[in-house]
Amino acid sequence: MTSTIRHPALLRLLLAGALSLCVFSAQATECIVPAKPGGGMDGACKMMRKVLPAKDGAPEIKISYLPGGIGAVAWSSVVSQRRGGPDTLVTFSGGSLLNLAQGKYGKAAVSDVRWLAGVGADYGMIAVRSDAPYKNLRELVDAMGNDPGKITIGVSGTVGSQDWLKVAMIARRADIDPKNFRFVALEGGGDSFTALQANHVQVISGDASEAAAYIKEGRFRILAVLSEERLPGVLSGVATAREQGFDVVWPIIRGFYMSAHASDADYQRWVGIFDRAMATEEFKRQRAASGLYPFSMTGPQLTEYVRKVVEQYRKQSQELGLVR
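Residues numbered from 1 in each chain as written. Predicted model: local features only at pLDDT ≥ 70, side-chain atom pairs only at ≥ 80, totals over all residues. Heavy atoms only, no water.

Trainee: Before we go on, may I ask you to explain the overall build of the protein in this structure?
Mentor: Scanning the protein from terminus to terminus reveals 11 helices and 10 strands. Classification of the 324 residues of the protein by burial places 52% in the buried group. Sequence-distant contacts in the protein: of pairs separated by 6 or more residues, those separated by 24 or more amount to 77%. Carbon and sulfur atoms provide 53% of the accessible area of the protein, an area that totals close to 15,200 Å². (Helix = DSSP H or I, 4+ residues; strand = E, 2+ residues; numbered from the N terminus. Buried < 20%, exposed > 50% of the residue type's maximum accessible area, 1.4 Å probe, protein only. Contact = heavy atoms within 4.5 Å. Areas by Shrake-Rupley, 256 points an atom, 1.4 Å probe, with all protein chains shown as cover.)

So this is what it looks like as structure tokens:
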């Protein structure tokens, strides 16, 4: 026996529901990179695209680039709901937390977004072109001390950014005032390596995971990594700043947040997805291939960690006179 729906309004309702279900299932997860392509945050999205499960009937994770204001444009877009839904992720780094602490995102608070997952640890590094005369960090610092205006340093962000602070801390260990240096503000690690290759800057301060992606090309020399010990993998031959007489260590976390307007159910769904993905061997392989080191934290635990780090950065920045 065949039944027939005779009520036109009911038929329209069912068709609309079926259509909306199709649209939802075909919608890709979006990963927003708050920088230009090629940097560490871009790498985090690309890494997770390889390990996160695709939704049935949906294309692979879509990566969108939203540079501007060293992460402020992406933050504002998600917080204001101009961008960001239940399947929109935004990648962040330790530099994002520093900018938040220094008020570079305006009157922003940790609670303005939902902190989803920390997926790896990174470390600071200092790099020059492979044809530069500096073979180690000591030679570079000596040259910068002798003629501070001769060497231009590329950093992501402006004065007070984490890349600026790395150089400033190294300079202070050599009794050099970093205010005498020439800095150029760039938008992300990819932009920094492009500027270095073109010789627009002679030094860049960035992250080890970014350097790992470029060192194989042979066009750059990594003078130091800002880690406690030498890093494994392609950067294993690079000495730490500590080994070279500069007691500076700069760890960085990489992770993801989502809109605070996402429902509790969607947030918990994504926490579960990340927990399962980060427990796999494939994730560990992709993390290593991306130049990242173990750090896995999700949900409320990550939120509390971020809150403490932002408060720590705020106090450090106040001591350096970078925020009021």
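Trainee: What should I look at first to understand the state of the cysteines in this one?
Mentor: Between two cysteines, a covalent bond joining their sulfur atoms is known as a disulfide. Under the criterion given, the structure shown has one disulfide. Covalently, C31 is tied to C45 through a disulfide, its sulfur atoms 1.9 Å apart. Its S-S torsion of approximately -75° makes the covalent link between C31 and C45 left-handed. Highlighted residues: C31 in strand β1 (residues 30-33) and C45 in helix α2 (residues 40-51), separated in sequence by 14 residues. The exposure classification of C31 matches that of C45, with both residues buried. (Disulfide = S-S within 2.5 Å.)

Trainee: Would you mind showing me how to read the side chain of E210 here?
Mentor: Following the sequence through the fold, E210 ends up in helix α8 (residues 208-214). With sequence-adjacent residues up to four places away left out, E210 is seen in contact with G39, G40, G189, F193 and R254.

Trainee: Explain the pairing of strand β3 (residues 88-93) here, please?
Mentor: A regular strand carries its side chains on alternate faces of the sheet. Across the six residues of β3, six count as buried, placing the element largely inside the fold. Of the two faces of β3, the one carrying T88, V90 and F92 and the one carrying L89, T91 and S93 are both buried. In this structure, β1 lies alongside β3, joined through three bridges in parallel fashion. Within β3, the residue paired with I32 across the bridge is V90. Looking at chain direction, β3 and strand β9 (residues 251-259) are connected through four bridges and run antiparallel. Each bridged residue has a counterpart across the sheet, and for V90 the counterpart in β9 is Y257. (Pairing = 2+ DSSP bridges.)

Trainee: Help me understand unusual backbone geometry in this model?
Mentor: Residues other than glycine predominantly adopt negative phi, and peptide bonds predominantly adopt the trans conformation. Positioned with a positive phi, Q81 is a non-glycine residue whose angle comes to about 70°. Along the chain, Q81 falls in the loop between α3 (72-79) and β3. Despite not being glycine, N199 has its phi angle at roughly 65°, a positive value. Residue N199 is classed as partly exposed on the basis of its relative accessible area, which comes to 41%.

Trainee: Sorry, what's going on with the pattern of salt bridges here?
Mentor: Side chains bearing opposite charge may pair, as long as their charged atoms lie close to each other. Tallying each qualifying case throughout the model produces 19 salt bridges. With a closest N to O distance of 2.8 Å, K166 and D163 form a salt bridge. Taken together, the residues K166 and D163, both in helix α6 (residues 162-173) and three residues apart, mark about one turn of the helix. Note on accessibility: K166 and D163 belong to one class, buried. Each member of the salt-bridge network shares a partner with another, and the members are D122, D163, K166, D207, E210 and R254. (Salt bridge = Lys/Arg side-chain N within 4 Å of Asp/Glu carboxyl O.)

Functional significance is not addressed by these values, which are geometric in nature.
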